[in-house]
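# Topology and contacts: notes
One letter stands for each residue in the lines below.
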Amino acid sequence: AQTVTQSQPEMSVQEAETVTLSCTYDTSESNYYLFWYKQPPSRQMILVIRQEAYKQQNATENRFSVNFQKAAKSFSLKISDSQLGDTAMYFCAFTGANSKLTFGKGITLSVRP
Amino acid sequence: GAVVSQHPSWVICKSGTSVKIECRSLDFQATTMFWYRQFPKQSLMLMATSNEGSKATYEQGVEKDKFLINHASLTLSTLTVTSAHPEDSSFYICSARSGLNPYNEQFFGPGTRLTVL
């Protein structure tokens, strides 16, 4: 069974600064996808970014990028030029061949004005 | 992007009654739908997976007789909480995925807040 670990429960960052959210995972599968989801106070789950395991190039989406280290089973999210609207809970997630999403515990990110 | 709706967005019911929550894919056909439960400040926990026209597959520890899931069409799945009790109070979220590829993106509904008095 796969596991996803987010060890930091909370983080805070100044507006316009850069912040990195950590995530590690464990799996015996060779093909899988990793995701970062954002859940703002509205509680609507929003896909931020996703990474296919067989792709070596790190995924990027505007201000969001990942550092995918497959051998280390690490998948961190970097948010550049943080904005007040980035304040939310962020979940790292994994999906393998069974198609189920396994979520980490989440991290609450606060962006300070 | 694809849109998934849930109804109602919130519901309050008395202990012992049943509550039905609907999940609809508005602009795509959902081959598979998932139901999650989320307690405050916690992660999403998968309750069950349903494929259109088939019985739902429940995760370990989830009572299938208490949480009835029906996926009768490619755009609608329902979760019925039977004989609800205060400990069933939670935030319930559905997601939907099209096609047969297990890696296709899941699209999430806005969630339903259930409070059982």
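The structure reproduced in this document is the subject of the present report. In this text, all values refer to a predicted model and were calculated from it rather than measured experimentally.

## Looking at the overall build of chain A
Each helix and strand in chain A was counted, giving zero helices and 12 strands. The helix and strand sequence of chain A, counted from the amino end, reads β-β-β-β-β-β-β-β-β-β-β-β. Its C-alpha atoms give chain A a radius of gyration of 13 Å, within 12% of the compact-globule value 13 Å for 113 residues. Dimensions of chain A, computed from the C-alpha atoms along their principal axes, are close to 40 × 25 × 20 Å. Counting the 113 residues in chain A, one finds 49% classified as buried. Relative to all contacts within chain A whose residues are 6 or more apart in sequence, the contacts with residues 24 or more apart total 54%. Looking at chain A as shown, the accessible area adds up to about 5500 Å², and 46% of this sits on carbon and sulfur atoms. Of the charged side chains in chain A, 11 are positive and 9 negative; the average position of the first set lies 6 Å away from that of the second.

## Remarks on the interface of chain B and chain A
Listed as interface residues are 24 residues of chain B and, on the opposing side, 21 residues of chain A. A buried area of about 1800 Å², summed over both sides, lies between chain B and chain A, and 53% of it is on carbon and sulfur atoms. The tally of links between chain B and chain A comes to one salt bridge. On inspection of chain B and its partner chain A, the count reaches nine residue pairs in polar contact (both at pLDDT 80 or more). Looking at the side of chain B that touches chain A, the elements with two or more residues in it are β4 (32–38), β5 (44–51) and β9 (90–97) of chain B. Grouping the amino acids of the side of chain B that touches chain A by side-chain chemistry returns 12 nonpolar, seven polar and five charged.

## Looking at unusual backbone geometry
Of note, the amide linkage connecting His7 of chain B to Pro8 of chain B takes the cis form, showing an omega dihedral of 0°. Checked against the element boundaries, Pro8 of chain B lands in the loop between β1 (4–7) and β2 (10–13). Here the phi dihedral of Ala16 of chain A falls at roughly 80°; this positive angle occurs in a residue that is not glycine. Its identity is not glycine, yet Ser99 of chain A carries a phi of approximately 70°, on the positive side. When you line up the elements, Ser99 of chain A lands in the loop between β10 (88–95) and β11 (101–103).

## A word on the nonpolar core
Leu21, Trp36, Leu77 and Tyr90 of chain A are the most contacted members of the largest nonpolar core, which has 26 residues in total. Of all the elements, β10 of chain A adds the most residues to this core, at four residues. Grouped together as the second largest cluster of nonpolar side chains are 23 residues, Val11, Met47, Phe67 and Cys94 of chain B included.

## Some points on the sheet that holds strand β3 (residues 19–25) of chain B
Strand pairing in a sheet is mediated by backbone hydrogen bonds. Such pairs are either parallel or antiparallel. Residues and elements named next belong to chain B. Taking strand neighbours across the sheet as the criterion, the four strands line up as β1-β3-β8-β7 in an open arrangement whose pairing is antiparallel. The open sheet has two edge strands with one neighbour each: β1 and β7 (67–73). Mean inter-strand twist for the sheet, computed between neighbouring axes without regard to direction, equals 15°. Alignment of β1 against β3, held across four bridges, turns out to be antiparallel. Bridge pairing in β3 links Ser5 to Arg24.

Parameters at a glance
- Residues numbered from 1 in each chain as written.
- Chains lettered and ligands numbered in written order.
- Predicted model: local features only at pLDDT ≥ 70, side-chain atom pairs only at ≥ 80, totals over all residues.
- Heavy atoms only, no water.
- Helix = DSSP H or I, 4+ residues; strand = E, 2+ residues; numbered from the N terminus.
- Rg over C-alpha atoms; globule rule 2.2 N^0.38 Å.
- Buried < 20%, exposed > 50% of the residue type's maximum accessible area, 1.4 Å probe, protein only.
- Contact = heavy atoms within 4.5 Å.
- Areas by Shrake-Rupley, 256 points an atom, 1.4 Å probe, with all protein chains shown as cover.
- Lys, Arg positive; Asp, Glu negative; His and termini not counted.
- Charge placed at Lys NZ, Arg CZ, Asp CG, Glu CD.
- Buried area = accessible area lost by both parts, 1.4 Å probe.
- Salt bridge = Lys/Arg side-chain N within 4 Å of Asp/Glu carboxyl O.
- Polar contact = N/O pair within 3.5 Å; in protein donor to acceptor, adjacent residues only side chain to side chain.
- Nonpolar A, V, L, I, M, F, W, Y, C, P; charged D, E, K, R; others polar.
- Core = buried A, V, L, I, M, F, W, Y, C linked by side-chain atoms within 4.5 Å.
- Pairing = 2+ DSSP bridges.
- Axes fitted to C-alpha atoms, helices over the stretch in contact; angles between N-to-C directions.

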